[in-house]
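Examination of the molecular architecture
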Amino acid sequence: MSMRLSVVLSRTRSAIRWPAALVLLLLVAVAPRPAFAEAADKPDAVTPVEEFSRQLDELKKTFKDLNQRIDASAKLIDGETDPAASRQEIAELRELVSSLLGAVADNGAVAQLGAKALDHARAKQKALAADTRYTPEQRAFLLGQWERLARETEAATKELDDARTRFAGVLRLLQTNDDYVGELMEIRQGTEALRVVRDLAKQIHDASDMLNNFINTITPPRPGT
Amino acid sequence: MMRPLLAGAAGVGVAVLALALTHWREDTGYVEIKVVPGFVVPPLVLGSARIDTTKSEGTVLRERVGTATLAYERFGERVPFCEFAVRKNRIVTIAVTAFGRDPRCKVQG
């Protein structure tokens, strides 16, 4: 179980070098709308793209720490024999992966920001193509810049898709393992209950023997015995 | 003169902070929606989110813990067809197929 977990986690770590942070989650929880509103207020600004890029950078930066945390927890689970402790570790890992997945979910802040940034870049391309204020050279330059931005933003949103799929897989694996450890705990509790029942049965048996002996001692001997 | 104004502003600030904290502490889980390859289904909606049924890797949505209902849209109306539980920090996978014109779901996890 834990071997498989480690393999998947390490594969995830090597493949994804960037997702979420608590700082980002705070942004998600507290202030996604002002950012969107600001972008809407300044149609000509690069804000959505910049904001998306900034948030992606934050994700990449903080993922390193989280990565180490996942690594340490996976090792702990590997060496741990106590199901309760394993379960606790898995629950903590699940919480961590859950926060990562929250950042990259389809309705999460980064994904929505990515979609908005892409829409903005495409809208700018369309608007510039029809804009007659600029010389052909200027327009070609601006169009090229927005084309590059749109392409890079699209690539970044594809990375998000990849991260989403992988984190969903890890979360699913963790919850399967959690359920498995839960079953192990139930078996252990069942074994403990069985031991108690056996002890009780033995005590009852012993008491029954004692009672039997006591009855024998107080029963007067029958004539001829 | 300014005191009621300041008190009012502080009150609004506290309310906004409380709202933000409520949002922050809200327990959430995840729903993965996959349309089984080969099936064509009408537009799907989960809460306020529209689902892109064409994505091969499926859609992953963060949802509040509790009972969630997946619906499809037909003639501008939402028709619920799948109810499932969303648990904290867990992911539930919904595989969507179709029987005739109507979508069907299978809940996993």
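Up top you'll find the structure we're talking about.
All of the points below concern the structure found in this document. (Residues numbered from 1 in each chain as written. Chains lettered and ligands numbered in written order. Predicted model: local features only at pLDDT ≥ 70, side-chain atom pairs only at ≥ 80, totals over all residues. Heavy atoms only, no water.)

This next bit is on the overall build of chain B. Check the secondary structure of chain B and you find one helix and eight strands. Taken from N to C terminus, the helices and strands of chain B fall in the order α-β-β-β-β-β-β-β-β. Expressed as a percentage of its 109 residues, the buried residues of chain B come to 37%. At a minimum sequence separation of 6, the contacts of chain B that also span at least 24 residues come to 53%. (Helix = DSSP H or I, 4+ residues; strand = E, 2+ residues; numbered from the N terminus. Buried < 20%, exposed > 50% of the residue type's maximum accessible area, 1.4 Å probe, protein only. Contact = heavy atoms within 4.5 Å.)

Residues and elements named next belong to chain B. Scanning the entire structure with this criterion turns up one disulfide over all chains. Residue Cys-82 pairs covalently with Cys-105 via a disulfide, S to S 2.0 Å. Judged by the sign of its S-S torsion, about 80°, the cystine formed by Cys-82 and Cys-105 is right-handed. Of the two residues, Cys-82 is situated in strand 6 (residues 77-86) and Cys-105 in strand 8 (residues 102-108); the sequence distance between them amounts to 23 residues. Looking at Cys-105, the relative accessible area reads 27%, which means it is partly exposed. (Disulfide = S-S within 2.5 Å.)

Bringing the pairing of strand 6 of chain B into the picture now. Residue and element names in this part refer to chain B. Sheet topology note: the strand 5 (residues 66-74)/strand 6 ladder contains nine bridges and is antiparallel. For Tyr-72, the partnering residue across the bridge sits in strand 6 and is Val-79. Between strand 5 and the antiparallel strand that follows it, strand 6, lie two residues; Phe-75 among them carries a positive phi value of about 50°. (Pairing = 2+ DSSP bridges.)

Let us now look at helix 6 (residues 109-129) of chain A. Here helix 6 of chain A is 21 residues long and its end C-alpha atoms lie 30 Å apart, about the 30 Å a rise of 1.5 Å per residue gives. Three or more residues of helix 6 of chain A are buried, namely A:Ala109, A:Val110, A:Ala111, A:Leu113, A:Gly114, A:Ala117, A:Leu118, A:His120, A:Ala121, A:Lys124, A:Gln125 and A:Leu128. (Expected span 1.5 Å × (residues − 1).)

What follows deals with the nonpolar core. By size, the foremost hydrophobic cluster in this structure holds 35 residues, and its most contacted members are A:Phe52, A:Leu56, A:Leu101, A:Leu160, A:Phe167, B:Tyr30 and B:Ile91. Where this core is concerned, the elements lending two or more residues are helix 4 (47-79), helix 5 (83-104), helix 6 and helix 7 (136-218) of chain A. The element that contributes the greatest number of residues to this core is helix 7 of chain A, accounting for 13 residues. Discounting chain neighbours no more than four positions away, the residues touching A:Phe52 are A:Val110, A:Leu113, A:Gly114, A:Ala117, A:Thr153, A:Ala156, A:Thr157 and A:Leu160. Counting residues in hydrophobic clusters, the runner-up holds 19 residues, among them B:Ala68, B:Tyr72, B:Val86 and B:Val96. (Core = buried A, V, L, I, M, F, W, Y, C linked by side-chain atoms within 4.5 Å.)

Paired through backbone hydrogen bonds, the strands of a sheet run either parallel or antiparallel to each other. With mixed pairing, the four strands of this open sheet are ordered in space as 4-1-7-8 (chain B). Looking along the sheet, the strands with just one partner apiece sit at the ends: strand 4 (59-64) and strand 8 of chain B. Averaged over all neighbouring strand pairs, the angle between strand axes comes to 30°, with direction disregarded. Helix-sheet contacts for helix 5 of chain A involve strand 1 (28-35), strand 4 and strand 7 (91-99) of chain B, and the interaxial angle to strand 1 of chain B is about 60°. Strands in contact with helix 7 of chain A are strand 1, strand 4 and strand 7 of chain B; relative to strand 7 of chain B, the strand with the most contacts, it is inclined by about 110°. (Axes fitted to C-alpha atoms, helices over the stretch in contact; angles between N-to-C directions.)

Bringing the packing of aromatic side chains into the picture now. All names here are of chain B. Summed over the entire model, instances satisfying the criterion amount to one aromatic pair over all chains. With a centroid separation of 5.7 Å and an interplanar angle of 55°, the aromatic rings of Tyr-72 and Phe-81 are classed as tilted. The exposure class of Tyr-72 is buried, given its relative accessible area of 7%. (Phe/Tyr/Trp six-rings, centres within 6.5 Å; stacked < 30°, edge-to-face > 60°.)

As a working rule, side chains carrying opposite charge can pair if their charged atoms are close by. Taken as a whole and assessed by the stated rule, the structure comprises 19 salt bridges over all chains. The residue B:Arg90 makes a salt bridge to A:Asp179 at a minimum N-O spacing of 3.1 Å. Taken together, the positions of B:Arg90 in the loop between strand 6 and strand 7 and A:Asp179 in helix 7 put the pair across two chains. Residue classification places A:Asp179 among the partly exposed positions, given a relative accessible area of 37%. Between B:Asp27 and B:Lys88 there is a salt bridge; the shortest N-O distance is 3.7 Å. Of the two residues, B:Asp27 sits in the loop between helix 1 (2-25) and strand 1 while B:Lys88 sits in the loop between strand 6 and strand 7, which places them 61 residues apart along the sequence. Residue B:Asp27 is classed as partly exposed on the basis of its relative accessible area, which comes to 37%. One salt-bridge network, in which partners are shared between bridges, spans A:Arg94, A:Asp178, A:Asp179 and B:Arg90. (Salt bridge = Lys/Arg side-chain N within 4 Å of Asp/Glu carboxyl O.)

Here we take up the layout of surface pockets. Empty space within the second largest pocket amounts to approximately 440 Å³. A:Asp106, A:Ala111, A:Ala115, A:Asp161 and B:Lys55 are the residues nearest the centre of the second largest pocket, which is lined by 22 residues in total. Looking at the lining of the second largest pocket element by element, the count peaks at seven residues for helix 6 of chain A. (1 Å grid on protein atoms, 1.4 Å probe; cavity = no way out; pocket = protein on both sides within 12 Å on 5 of 7 lines; lining within 4 Å. Points joined across faces, edges and corners; volume = space filled by probe spheres on them.)

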